[in-house]
Amino acid sequence: MKTHRTAKSGAGHTGMPNREQILKFITESYEPAGKREIAKHFKLSGAEKIALKALLKDMADEGLIDSAPGRAFHKMGGLPKVTVLKIIEVDGRELIGVPDNWQAEGMPAPKVRISERGRSGALAVGDRVLARTEEAGGGYRAFVMKKLQRAGEQLLGVVQRDEGSGKLWLKPVDKRVRRLFPISDAGKAEVGQLVMAEQSGLRDRVSAKVTEVLGEPFAPRSFSMVAIHKFGIPVEFSAEAISEAELASKLPLTIDAREDLRHLPIVAIDPVDARDHDDAIWAAPDDNPANLGGFKAIVAIADVSFYVRPGGEIDRSARKRGNSVYFPDRVVPMLPEVLSADMCSLKAGQDRAAMVCHLVIDANGKLKDWRFSRALVRLAANIAYEDAQAAIDGEKPHDLTETALRPLWACWKLLYKARGAREPLDLDLPERRIVLDDAGRIVSVATRERLDAHRLVEDFMIAANVAAAKALEGKKAPVVYRVHEPPSREKLVALKDYLETFEISFALGQVVRPSTFNAILAKVTDETIRPMVMEQVLRSQTQAYYGPRNMGHFGLSLGSYGHFTSPIRRYADLLLHRALVDAYKLEQPAPRNNDLPPTTGLSEHDAASLDRICQLISSYERRAMEAERETVDRYVAAFLATRIGEVHKVRITGVQNFGFFATIEEFGGDGLVPVSTLGAERFWYDEKAQTLTGETTGEQYAIGQRLELRLVEADPITGAIKFELPEGGNFVREPYRGRNDGKPKRPPIKRRGRPGNIRHQSR
């Protein structure tokens, strides 16, 4: 009988193990370690085996371990002892592979060096093998046990029929895939339906086999479902999570353990189409003689941590989502609806549990003091941004103008003054808004108007976010920071090269601050050039993320910054609330006869695992952003599909050697202008200046440039849009001869020859 060996795993351990002991055993075991092997190693009894099963489920939900085929476990981010690898490249005589089914989201799949048995060269790129793995030199090495049949790649697409041959084809929804696939087996799919299919075959003989029918892609409210399936966004909540949410929604709100703020005219100012209301604000002049001209303010946030407790089913599902995802036609909430749209939504006239940030603001708009409490609030009103602005401007009366809105605006003027003093990055970019009718059909695509009411709410939220981070730092408690690092030197060098094309100086040796970029933009007074420079400044910035180490927030010009204000829709905010519960001793246990997890603070395990948790929720945020952006693109393409042939005013947003991208200024919608449609002359591509320049005419296309283009294609399936010049592609301009004032002129247009070529220019 074969014995189960361990490598220094402490075979003498008995009794219920903790997480660290289980991880150590799984990592060091020479054989695949399933529940049975773990129980045997630690000599667990019947009752302890039941507890072990629950603990292993917790560890899997927390992202500590994952299960391999055969129910063996391995450390998350690591590899099972026996696993399936897909060969992706050949390095000399050695094969490189990656796990065929990698589940550790937010962590890159490890590359594994594969040793072949027998004749070298029997395996090739694309082959799948069953292999035994082991850690070696900080990486992994695998030994082939068996070659497996190739598995097809999954494709998400729409079934189409060729009118001539009658054959079925799959059109992928990913606009980066620029080909159709013949369908070898359509199953029950019909023409026009959205399907999942498996790709099979090699090179030019690849076909698709339909594995799942998802429905009608052009039906109202369907574009978001394309993104949901493509990005694997969790939609359904488990029965256990829904049951726990129902139970949590019935928790009694006892005033004994909360500060009573129901007498204050606290208001929520939100979009007119807001689906949830998680923040509300109040301000009044400070009556403290030591703070003359200053204000007291309250930022009240839904007390989600009271209802969503660590270790519970709702918490598990929220962590797997990371955030709510907002589409034009639906919201995929982080929390079950009974909480996100009801008990955790601050509604006027109803008692609600809130986590409250109390702020003291001096006459210069700086934060003098802060504290946090759990409170009971009853909002005086939910007000739309437009209505709040109209009330302040005297255009529309409101009952709370004098008692609530004017004090808020007076306090905001101080915050705005402090904002100006610290000089955050000033890039006020437009946001597209898709307007749908009751049936889900597109009514319009417009740019959201940016009002002072928006800036007011934003600055109150920023003040609360700063206070939360600083409060936890002062208590030496864990903090989930919202980190925005300064631009990398590589991006700054690219920006410097670009600015030189406009004769704008930019010194690389200086300490770069947001004000540095603001100063650059202030120098650009030419309104035709300013959008180009602003676009490039935006491209030079890094992507924000969540992390347990404070690296500051460059864009906001803040030293300490966390997300505190939206725990309904962001898991990072929920973690921050739990840390505040511990730091300010605000614990409120569940009633004894209740089955909810007892505590509302940050668990010891989560506090020790913040780095890994932050990586996960940052990756989920990026997933949500991509899904939202693609869905908006599809809606815009569907809206523009009825306007083919129209000429639109556009702005160039990107230039490549194959053409340039442009956005319709009125509606949004990013489209490509292929270089082959720019006329018969050759074009030079200048990578540093991000320009295409005609070799003969000197005609130039650059980022930020405004011009008119004709819409020639708008594909709702992929969201792809194409433009061409109003003159069409089969034309040529007169050679550029310049003019006396040194400014370029646009030569007359003549037809000739075929579209030209591209040349790459580097300087």
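How each quantity is defined
- Residues numbered from 1 in each chain as written.
- Predicted model: local features only at pLDDT ≥ 70, side-chain atom pairs only at ≥ 80, totals over all residues.
- Heavy atoms only, no water.
- Core = buried A, V, L, I, M, F, W, Y, C linked by side-chain atoms within 4.5 Å.
- Buried < 20%, exposed > 50% of the residue type's maximum accessible area, 1.4 Å probe, protein only.
- Helix = DSSP H or I, 4+ residues; strand = E, 2+ residues; numbered from the N terminus.
- Contact = heavy atoms within 4.5 Å.
- 1 Å grid on protein atoms, 1.4 Å probe; cavity = no way out; pocket = protein on both sides within 12 Å on 5 of 7 lines; lining within 4 Å.
- Points joined across faces, edges and corners; volume = space filled by probe spheres on them.
- Nonpolar A, V, L, I, M, F, W, Y, C, P; charged D, E, K, R; others polar.
- Axes fitted to C-alpha atoms, helices over the stretch in contact; angles between N-to-C directions.
- Parallel < 35°, antiparallel > 145°, perpendicular 65-115°, else oblique.
- Phe/Tyr/Trp six-rings, centres within 6.5 Å; stacked < 30°, edge-to-face > 60°.
- Lys NZ or Arg CZ within 6 Å of the ring centre and 35° of its normal.
- pLDDT = per-residue confidence, 0-100.

This brings us to the nonpolar core. Generally speaking, nonpolar side chains in soluble globular proteins are found buried as a group. Of all hydrophobic cores here, the largest spans 98 residues; its most connected members are F460 and F564. Among the elements that make up this core, the one with the highest residue count is helix α11 (residues 452-474) (twelve residues). Setting aside its immediate chain neighbours within four residues, F564 contacts I301, M355, C357, F372, A464, N465, A468, D573, L576, H577 and L580. Ranked by size, the runner-up nonpolar core spans 51 residues in total, among them A637, I652, V655 and F683.

To continue, consider empty space enclosed by the protein. In this structure the tally under the stated criterion is one cavity of 30 Å³ or more. Together, V158, V173, L194, P217, F218, F223, V226, R634, P716 and I717 line the largest cavity. Here the residues of the lining of the largest cavity are counted per class, giving nine nonpolar, no polar and one charged.

Contact geometry for helix α15 (residues 571-583) and helix α17 (residues 610-640): axes closest at 10 Å, N-to-C directions at 150 degrees. On the basis of the axis angle, α15 is roughly antiparallel to α17. For the pair formed by α15 and α17, the contact residues are Y571, A572 and L575 on the first element and L610, I613 and I617 on the second. Its residues assigned to classes, the contact of α15 with α17 comprises six nonpolar, no polar and no charged.

Bringing the environment of P397 into the picture now. Position of P397 among the secondary structure elements: in the loop between α9 (385-392) and α10 (401-422). With ten residues separating them in the primary sequence, P397 and D387 have C-alpha atoms 8.9 Å apart.

Applying the stated rule across the entire model yields twelve aromatic pairs. On the numbers, 6.0 Å between centres and 85 degrees between planes, the contact of F658 with F661 is edge-to-face. Put simply, the rings of F372, F564 and Y584 pair up and form one aromatic cluster. The residue whose ring lies beneath R258 is F306, and the NZ or CZ to ring-centre distance is 4.8 Å. Above the face of the Y584 ring, K475 is positioned so that its terminal group lies 4.6 Å from the ring centre.

Another point: the confidence of the model for the protein chain. Residues at a pLDDT of 70 or more form 86% of the protein chain, whose mean pLDDT is 85. For residues 1-12, every residue scores under 50 in pLDDT, and the model assigns this stretch 23 contacts once sequence neighbours within four places are set aside. Low pLDDT (under 50) marks residues 736-763, which in the prediction has 64 contacts with non-local residues, meaning those over four places away or in another chain.

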